[in-house]
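Here are the chains, one letter per residue:
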Amino acid sequence: MSTASTFDKPATTTADKPLSMTPSSDGSFDLVGMLLKEQQTLSAVEQFSKSHDNLLVEDRQTESDPDQAVYYRRLMPATPPAADQQYAFEVDLDACSGCKACVVACHTLNGLEETESWRKVGTLTIGELDSEPEVSTEPATDSASGGMGSLPIAIAPVAAPSVAGVQHVTTACHHCEDPGCLNGCPVKAYDKDPETGIVRHLDDQCIGCKYCTMMCPYEVPKYSKRLGIVRKCDMCHQRLKVGEAPACVQSCPNEAIAIRTVSTGEEFAISDRLVAGAPVSSITKPTTKFITRRAEALAEAIPQDAAIDSVAESHWPLAIMLVATQISVAMIVVERLWATGGWLTGNPVSIEATRLNATASLLIAIVGLNLASLHLGQPLRAWRVFLGLRTSWLSREAVVLGKYAGALTVAVALMWLPVVAPYAPEFLTSRIPDWVSIPSWANNALLAAAILFGVAGLYCSAMIYIATKRKLWRYSRTLPRFFGSGVVVGAALTSFAFWLAGGSTAVVSATVLFAAISAAWKLSWEGRFHLHQTLALESSDDLDRRSHRLMTGQLDRFRKLRLWTGWVGVAACVLAMGAMGAIASESMLFTAFSMSVACICLLGGEVIERLLYFMSVVYDRMPGTLR
């Protein structure tokens, strides 16, 4: 028995006939008979219940099928995926009415938090919305709804496709062929099932670093502050195993969501997108299929929230860690360059200056690396960060910068050994064999190794964000910022260390001048697309304009503070250079004050710049809706 026949023509019995209030044949009124007939009459609800029970009994294929299988069987694949296939969501946009039943079902079944959602419904605007969109209130016919009977659709084709209107888009995880979340995770907390292709998150492995939220262009993984981990849609894989449909599929009243098997290995053009406004599909190769009879109209649609951008998370522990490690490496590089030049010219840098500079560099690196753990939701699991070394730039950064800190620690310890050796207890020094000695080249070798590890670590730090494929975090925008921060503040701090250690005035002045020029250049470069009140780039694209709108709006205080701290730092460097030529004690105090102000302002400016790097980023995303 088909579904339509059961609901359209329920079994008719004598009891279903309307009651008759006419007298009986003998002219008497039979009240008892009338009441007995009324008890045997089925109400509308009872008739529906009877038809429903008939469906469950007659249309069930096997006794092991779930009770509700008859209603969603056609929305599920008939066979498991083959070797070159996987499961995927299929969304009929013409059937989606934006009711959000799928959102509620997903939220309820998975026990999500109040503000957490694994599925969302966005809205596309079609045409010019100069007036209210024309939406059909009549149910669609079979020809209009693709053979779905009288199911409602989002916008019935009552006029040409160019007529203004809206299109609802329900979306969840796309279970990509090349998932960014899986590739970026440093602790292998993601798994792509080799048989079904479902991308699952392993909650017990997650450290809460939130890097997957950056690597996924569709913003699928959601961070739970209460749990300290990230969670995401897993296509209700536990239900699929027993033949049940996922919550979203089973709850949709219009049957707009289905599970299908799709072929893998599909090639995507550089301009392919799931829907209008979405990220390009070539990044992660999503498998979700959106079907519609109005593809041409929807291709020109605009997300309803296209003009709405919010300030992104600041990631302040990461911002401080990045700036600190960049400064630390730059201080060693600048000192080694002066040491090499001094060796070549016969004016070597004093060991006191090298020791003070290296010690300050180590302390800055230790502070930054330790603050980074505050970004983790589960810091006690952070020891597993090396597991993703093969695919994750975050794992590579952690491992390489760890080696940098280790090499620098040993180098600093050897530098201080001659200083503390006279104060060591005799019983300890007497136990050291006479043949034990430290080669004179050990410090130089360790510092060289620290530079190699440090530069490699900074490159890994930059690649963490470049790998997200966010256009505003591309190579040409990220590498100058990251290495520039180190050069600006590292040169300023190195010059201060040299000055405190009694280094050459010429060397100190040249280093301060280099820091001032680098800071001025970096500020001017940032101003072309980021800091100035008006956007200076003639070829600026939509993402630059959107980011600049944030900078001059919600982030305007940070923008102004970045400019003030940067230029005050440059001015302080110039004043310090002018005071170095004098011998008077007042000039010495003014030099110390000027250099202190320069270092503090330049450091503060670079930290603010890194916070803006995170907070002002905008990117293509799945359609949202007005709130």
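All of these numbers come straight from a predicted model, not from anything done at the bench. (Residues numbered from 1 in each chain as written. Predicted model: local features only at pLDDT ≥ 70, side-chain atom pairs only at ≥ 80, totals over all residues. Heavy atoms only, no water.)

Draft legend 1. Quick look at the overall build of the protein. A count of helical and extended segments in the protein gives 20 helices and ten strands. Per-residue burial for the protein yields a buried fraction of 47% across its 627 residues. Of the contacts formed within the protein by residues at least 6 apart in sequence, a portion of 76% connects residues at least 24 apart. When the accessible surface of the protein is summed, it comes to about 31100 Å², and 61% of that surface belongs to carbon and sulfur atoms. (Helix = DSSP H or I, 4+ residues; strand = E, 2+ residues; numbered from the N terminus. Buried < 20%, exposed > 50% of the residue type's maximum accessible area, 1.4 Å probe, protein only. Contact = heavy atoms within 4.5 Å. Areas by Shrake-Rupley, 256 points an atom, 1.4 Å probe, with all protein chains shown as cover.)

Draft legend 2. The arrangement of the pairing of strand 3 (residues 165-171) in detail. Most of strand 3 is tucked away: seven of the seven residues are buried. What you see with strand 3 is no split at all: Gly165, Gln167, Val169 and Thr171 on one side and Val166, His168 and Thr170 on the other are buried throughout. Judged from the seven bridges that link them, strand 2 (residues 120-126) and strand 3 form a sheet pairing that is antiparallel. Residue pairing across strands places Lys120 opposite Thr171, the latter belonging to strand 3. (Pairing = 2+ DSSP bridges.)

Draft legend 3. Main features of the pairing of strand 1 (residues 85-92). Most of strand 1 sits out of view: six of its eight residues are buried. Pairing of strand 1 with strand 8 (residues 257-263) involves seven bridges; the strand directions are antiparallel. Among the inter-strand pairings, Val91 is bridged to a residue of strand 8, identified as Ile257. Pairing of strand 1 with strand 9 (residues 289-291), which is carried by three bridges, proceeds in the parallel orientation. Paired with Val91 across the strands is Phe290, a residue of strand 9.

Draft legend 4. Layout of the sheet that holds strand 3. Strand order in the open sheet formed by three strands is 3-2-10, and the pairing between neighbours is antiparallel. In this open sheet, the two strands that pair with only one neighbour each are strand 3 and strand 10 (302-303). Two elements, strand 2 and strand 10, share two bridges in a ladder whose sense is antiparallel. Considered in strand 10, the bridge of Thr125 is made with Ile302.

Draft legend 5. Quick look at the sheet that holds strand 9. Spatial strand order, 8-1-9: three strands in an open sheet with mixed pairing. In the strand order of this sheet, the two ends are held by strand 8 and strand 9, each with one partner. Neighbour-to-neighbour, the strand axes of this sheet turn through a mean angle of 35 degrees, independent of strand direction. (Axes fitted to C-alpha atoms, helices over the stretch in contact; angles between N-to-C directions.)

Draft legend 6. Layout of the nonpolar core. Ranked by internal contacts, the top residues of the largest apolar core, which has 46 residues, are Tyr190, Tyr211, Tyr465, Trp473, Leu612 and Phe614. Of all elements in the fold, only helix 7 (211-215), strand 7 (229-231), helix 11 (316-345), helix 15 (442-466), helix 17 (505-531), helix 18 (542-551) and helix 20 (585-615) reach the threshold of two or more residues within this core. If one sorts the elements of this core by residue count, helix 20 sits on top with six residues. With near-sequence residues (within four places) excluded, Tyr211 lies in contact with Gly184, Ser392, Leu394, Met463, Ile464, Ala467 and Thr468. The next biggest cluster of nonpolar side chains, apart from the first, holds 41 residues, and it includes Val91, Cys216, Val249 and Ile259. (Core = buried A, V, L, I, M, F, W, Y, C linked by side-chain atoms within 4.5 Å.)

Draft legend 7. Broad picture of the packing of aromatic side chains. Tallied over the entire structure, the rule returns twelve aromatic pairs. Centre to centre, the rings of Tyr465 and Phe614 are 5.4 Å apart; their planes meet at 70 degrees, and the pair counts as edge-to-face. Here Tyr465, found in helix 15, pairs with Phe614, found in helix 20; they are 149 residues apart in sequence, far enough to count as distant. Classification of Tyr465 by relative accessible area gives buried; the value is 3%. With 5.0 Å between their ring centres and 80 degrees between their planes, Trp525 and Phe529 make a pair best called edge-to-face. Of this pair, Trp525 and Phe529 both sit in helix 17, four residues apart, roughly one helical turn. Overall, the relative accessible area of 13% leaves Trp525 in the buried class. These aromatic residues form a ring-pair network of at least three members: Tyr465, Trp473, Phe482, Tyr613 and Phe614. Above the plane of the ring of Tyr223 lies Lys210, whose end atom (NZ or CZ) is 4.6 Å from the centre. Between the NZ or CZ atom of Arg355 and the centre of the ring of Trp416, over which it lies, the distance is 5.1 Å. (Phe/Tyr/Trp six-rings, centres within 6.5 Å; stacked < 30°, edge-to-face > 60°. Lys NZ or Arg CZ within 6 Å of the ring centre and 35° of its normal.)

Draft legend 8. View of the environment of Cys216. Examined against the element boundaries, Cys216 turns out to sit in the loop between helix 7 and strand 6 (222-224). Taking the C-alpha atoms as reference, Cys216 lies 5.5 Å from Cys181; in sequence the two are 35 residues apart.

Draft legend 9. Structural context of helix 12 (residues 351-371). With 21 residues, helix 12 ought to run about 30 Å at 1.5 Å a step, and its terminal C-alpha atoms sit 30 Å apart, in line with that. Residues of helix 12 that are buried sit in contact with helix 11, helix 13 (393-420), helix 15 and helix 16 (475-500). (Expected span 1.5 Å × (residues − 1).)

Draft legend 10. Spatial organisation of the state of the cysteines. A complete count under the given rule lists zero disulfides for this structure. You can see Cys99 has no disulfide; the closest cysteine sulfur is in Cys252, sitting 5.9 Å from it. Assessed through its relative accessible area of 45%, Cys99 is described here as partly exposed. With no disulfide of its own, Cys102 lies closest to Cys99 among cysteine sulfurs, the gap being 6.4 Å. The class of Cys102 is buried, set by a relative accessible area of 7%. (Disulfide = S-S within 2.5 Å.)

Purely spatial values, then, with no claim about function.
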